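# Geometric and topological summary
Listed here are the chains, written in short residue letters.
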Amino acid sequence: MTFQMRKIYLFLFFVSAFLCPSEAQNNVRADYRIIPQPQRVETDTTQAFTLRDGMTISYDAANSEVARNAQFLQQWVAQATGLRLTLAPTDKQAAVQLLLVQPTAKKTKKGKKGPVAAEPTEQEQEAYTLTVNAQGVTLSARQPVGLFRAAQTLRKSLPVRPASQQAEALLLPFTTIQDQPRFSYRGVLLDCGRHFFTVETIKQFLDVMALHGCNQFHWHLTEDQGWRFEVKALPRLAKEGSVREKTVIGPGHMRIYDNIPYGGYYTQDECREVVRYAAERYINVVPEIDMPGHMQSALHVFPNLGCTGGPYAVATNWGVMREVLCGGNPETLDFLKTVFGELCDVFPSKFIHIGGDECPKERWQKCAKCQAKIKELGLTSDPKDDGKGGRGSQDGRSAENKLQTYINHEIEKFLASRGRSLIGWDEILSGGLTENAIVMSWRGVKGGIQAARQKHRVIMSPNVFAYIDHPQLKDYGKQPRTTDSYIVSCSKMHSFEPVLPDSLTAEEQQCILGVQANLWTEQVAYPEHAFYQLLPRLGAMSEVQWCRPEQKDFEDFKRRLPRLEKLYERLGVPYCNQVE
Ligand code: ACM
Ligand code: ZN
């Protein structure tokens, strides 16, 4: 470089620093105001650690989970910024350290152990501390999952650089972040019954969930329109039950079809691969077999399981079907135990979802087998409950709804023998809850309130706040067509408060395990559309799931969103770029 050139160079540097210092700095400067917002962040913006290309990440290589999290962090830093950090197990001088800190048992004066500390809650197990000081960056946690959460926080704090301008150094302001989630259950449902999504798409979905701190993937595997789970003892079930002859296009009542057969199911090996991939990202897979309603695909294969004996077709239109499993046929329970048995073999989840929603009872009211079973069990309708068919029939204490509770009870015992707990949609309240049932409240919050008052565990997923199959913008013309009866805007979702102090006592509030967003897919046939529905609303939902209510501020959320959106772009996932 000649002297003259250097002068020009310096001059340009000063001009750019003078004119737009913040923008220049923002490109290489971390910002800890992320989504979901951590519980406590104390930052000193006057001092920063400079993280440079080639610096090292140190970790305990003897712990394979910690080692994996170090690799994740290495990949994420490179992906967002281009900075290539080196993995250096046990390097005490490393710029970034992943440390597991085991809580030390307190000792009394005489050297005896003090009082045993209370078992940490599930949320405390996920806690972490992230510090940046002159020595570098330290991620510390009592469990590897905490290190994973800390690494996600660091990743989201980094500036996302265009591939053409990858950084050689980043400024990380000094900080101490202490964080843990508010709720232990932070879920997202993907309906793979109405439309089938490949394992590759599901992995991408899981990555996006993990980015938002979610830890429960509710996999809706069976529907009237398609059975997606391989059951080895019943090989025809998935082969034939997964295929529908055609699919309705546009509004269902118009009855216009595409006349194209549609199918797809997951082999058990594929399901295990999803479980493995999810577990590496600290996500549990909650599988759902929806019964005794939403079973037309199974009835197509086994018409003997229906009250009328069929024939039945795999459904080609959407809605609530009156054809359901026969509640009085002993073969129904044999079938369910075979299916749930294999489900438990494949999915280690402590929660198994049994559906239970939208099971009209008009067939049961007229079916000799169902009525004989009701008589045998001595079930009676409570006064004033006529249990008439249709969707509303799930809401009363009719003998038929109590028959559904009987089936739930049999399945609850079966699942308990495998060490599992049952989750059901809030309709399972109608005929009476089984002993340990967990209620997923979807028709508003009232089912959740009712269940918590009975001291049952609850997951809140009220449709008007949490159903992301619905539009997110007021202007329907600006977004892909989807379920359109009401709008679930980002701000609406963000405003949801799942613990209801006006309705629940402090003890009842403890029953609220968490919150879930649901992506039903009647109108969502492609992965691009699925991600568009999901994002950025999952950002809003993640603050409901993770943050304390007093921390939430939607205007501030909007200010923090652009950096996350850049990461969505880097990950190649579509999102709605407007927020209301
Ligand atoms: C549901 O949306 N039918 C649970
Ligand atoms: Zn029947």
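Here the structure is shown first, and the text comes after it.
The next point concerns the overall build of the protein chain. Looking only at helices and strands, one finds 20 helices and 17 strands in the protein chain. Scaling as 2.2 N^0.38, a compact globule of 580 residues should have a C-alpha radius of gyration of about 25 Å, and the protein chain matches this with 26 Å. Dimensions of the protein chain along its principal axes, counting C-alpha atoms only, are 95 × 70 × 45 Å. Long-range pairs, those at least 24 residues apart, make up 75% of the contacts in the protein chain between residues at least 6 apart in sequence.

Those donors, Cys307 (SG), Cys326 (SG), Cys367 (SG) and Cys370 (SG), are the protein atoms that reach the zinc ion (ligand 2), and they lie 2.3 to 2.4 Å from it. Around the zinc ion (ligand 2), the four donor atoms are arranged such that angles at the metal cover 106 to 114°; this shape is classified as tetrahedral.

Moving on to helix H3 (residues 64-81). With 18 residues, H3 extends 26 Å from end C-alpha to end C-alpha; this agrees with the ideal 26 Å at 1.5 Å per step. What H3 keeps buried is the set Val66, Ala67, Asn69, Ala70, Phe72, Leu73, Trp76, Val77, Ala80 and Thr81. The opening residue of H3, the one whose side-chain oxygen lies 3.0 Å from the backbone nitrogen of Glu65, is Asn63. Downstream of H3 by a residue or two, Gly82 has a phi angle that is positive, lying close to 90°.

With that settled, the discussion passes to the pairing of strand S8 (residues 185-191). Within S8, seven of the seven residues are buried, which leaves it mostly tucked inside the rest of the structure. Burial along S8 is two-sided: Tyr185, Gly187, Leu189 and Asp191 facing one way and Arg186, Val188 and Leu190 facing the other are all buried. Bridge analysis of S8 against strand S17 (residues 512-519) gives six bridges, and the strand direction is parallel. Paired with Arg186 across the strands is Val515, a residue of S17. One ladder, built from five bridges, connects S8 with strand S9 (residues 216-220); its direction is parallel. The residue of S9 that forms the bridge with Leu190 is Trp219. Tracing the backbone out of S8, into helix H6 (residues 199-211) and back to the parallel element S9 gives a crossover that is right-handed.

Below, the discussion takes up the pattern of salt bridges. Where charged atoms from two side chains of opposite charge come close, those side chains can pair. One pass over the full model with this rule turns up 31 salt bridges. With a closest N to O distance of 2.7 Å, Asp53 and Arg84 form a salt bridge. One end of the pair, Asp53, is in the loop between strand S1 (40-52) and strand S2 (56-58); the other, Arg84, is in the loop between H3 and strand S3 (86-87), with 31 residues separating them in the sequence. Two residues, Asp382 and Arg397, come together in a salt bridge whose shortest N-O distance is 3.0 Å. Pair noted here: Asp382 is in the loop between helix H12 (368-377) and helix H13 (399-417) and Arg397 is in the loop between H12 and H13, with a separation of 15 residues, a long-range link.

This brings us to the packing of H12 against H13. To describe two helices that pack against each other, one gives the angle between their axes and the distance between the axes. Packing of H12 against H13 leaves a shortest axis separation of 10 Å and a crossing angle of 80°. As summarised for this structure, H12 and H13 are arranged roughly perpendicular, according to the angle between their axes. For the pair H12 and H13, contact is made by Cys370, Gln371, Lys373, Ile374 and Leu377 and by Ala399, Glu400, Leu403 and Tyr406, respectively. Across the contact of H12 with H13, the residue classes tally to six nonpolar, one polar and two charged.

A few words now on the side chain of Arg155. Positionally, Arg155 belongs in helix H5 (residues 144-157). Buried and unpaired, Arg155 has no salt bridge, with Asp207 as the nearest side chain of opposite charge at 6.9 Å. Of the polar contacts made by the side chain of Arg155, one reaches the side chain of Gln152; its length is 2.9 Å. Excluding residues that lie within four positions of it along the chain, Arg155 makes contacts with Trp76, Gln79, Leu211, Leu567 and Leu571.

Formed by 151 residues in total, the largest nonpolar core has its most connected members in Leu139, Trp219, Trp227, Phe335 and Phe340. Listed in part, the 13 residues of the second largest apolar core include Trp425, Met440, Ile459 and Tyr467.

This brings us to the packing of aromatic side chains. Counted under the stated rule, the structure contains 20 aromatic pairs. Each ring, one from Phe148 and one from Tyr282, has its centre 5.2 Å from the other, and the planes form 55°; the classification is tilted. Of the two residues, Phe148 is situated in helix H5 and Tyr282 in the loop between helix H8 (268-280) and strand S12 (284-288); the sequence distance between them amounts to 134 residues. Ring centres of Trp442 and Tyr467 lie 6.1 Å apart, and the angle between their planes is 10°; on these two criteria the pair is classed as stacked. One end of the pair, Trp442, is in the loop between strand S15 (438-441) and helix H14 (446-453); the other, Tyr467, is in the loop between helix H15 (463-466) and helix H16 (490-494), and 25 residues separate them in sequence. The pair formed by Trp442 and Tyr467 is uniform in burial state, with each residue classed as buried.

Attention now goes to H13. With 19 residues, H13 ought to run about 27 Å at 1.5 Å a step, and its terminal C-alpha atoms sit 27 Å apart, in line with that. Within H13, 15 of the 19 residues are buried, leaving the element largely enclosed by the surrounding structure. Phi turns positive, to about 75°, at Gly419, one or two residues after H13.

As a further point, take the environment of Pro480. Mapped onto the secondary structure, Pro480 falls in the loop between H15 and H16. In this structure the C-alpha to C-alpha distance between Pro480 and Gln533, which are 53 residues apart in sequence, comes to 8.9 Å. If we skip the residues at most four places from it in the chain, Pro480 touches His529 and Tyr532.

This part takes up the sheet that holds strand S4 (residues 96-100). Taken in spatial order, the seven strands make up an open sheet running S1-S7-S5-S6-S4-S2-S3, and their pairing is mixed. Sheet topology places S1 and S3 at the edges, where each strand pairs with a single neighbour. Sheet topology note: the strand S5 (residues 128-133)/strand S7 (residues 169-179) ladder contains five bridges and is antiparallel. By the bridge assignment, Leu130 is partnered in S7 with Ile177. Of the strands in this sheet, S2, S3, S4, strand S6 (136-141) and S7 touch H3, which is tilted by about 150° from S4. Its contacts with the sheet put H5 on S4, S5, S6 and S7, and the angle it makes with S6 is roughly 145°.

Axis separation between helix H19 (residues 537-546) and helix H20 (residues 554-571) bottoms out at 10 Å; the angle between their running directions is 120°. Between H19 and H20, the angle is such that the two are oblique. The handedness of the crossing between H19 and H20 is right-handed. Mapping the contact onto sequence places Gly539, Ala540 and Glu543 in H19 and Phe557, Arg560 and Tyr568 in H20.

Reading guide: rules and limits
- Residues numbered from 1 in each chain as written.
- Chains lettered and ligands numbered in written order.
- Predicted model: local features only at pLDDT ≥ 70, side-chain atom pairs only at ≥ 80, totals over all residues.
- Heavy atoms only, no water.
- Helix = DSSP H or I, 4+ residues; strand = E, 2+ residues; numbered from the N terminus.
- Rg over C-alpha atoms; globule rule 2.2 N^0.38 Å.
- Contact = heavy atoms within 4.5 Å.
- Donors = N, O, S within 2.8 Å, 3.2 Å for Na, K, Ca; no water.
- Tetrahedral: all angles 85-135°; square planar, octahedral: opposite > 155°, others 65-115°.
- Expected span 1.5 Å × (residues − 1).
- Buried < 20%, exposed > 50% of the residue type's maximum accessible area, 1.4 Å probe, protein only.
- Polar contact = N/O pair within 3.5 Å; in protein donor to acceptor, adjacent residues only side chain to side chain.
- Pairing = 2+ DSSP bridges.
- Right-handed = clockwise from strand over helix to strand, strands pointing away.
- Salt bridge = Lys/Arg side-chain N within 4 Å of Asp/Glu carboxyl O.
- Axes fitted to C-alpha atoms, helices over the stretch in contact; angles between N-to-C directions.
- Parallel < 35°, antiparallel > 145°, perpendicular 65-115°, else oblique.
- Nonpolar A, V, L, I, M, F, W, Y, C, P; charged D, E, K, R; others polar.
- Lys, Arg positive; Asp, Glu negative; His and termini not counted.
- Core = buried A, V, L, I, M, F, W, Y, C linked by side-chain atoms within 4.5 Å.
- Phe/Tyr/Trp six-rings, centres within 6.5 Å; stacked < 30°, edge-to-face > 60°.
- Left-handed = near helix turned anticlockwise from the far one by under 90°.

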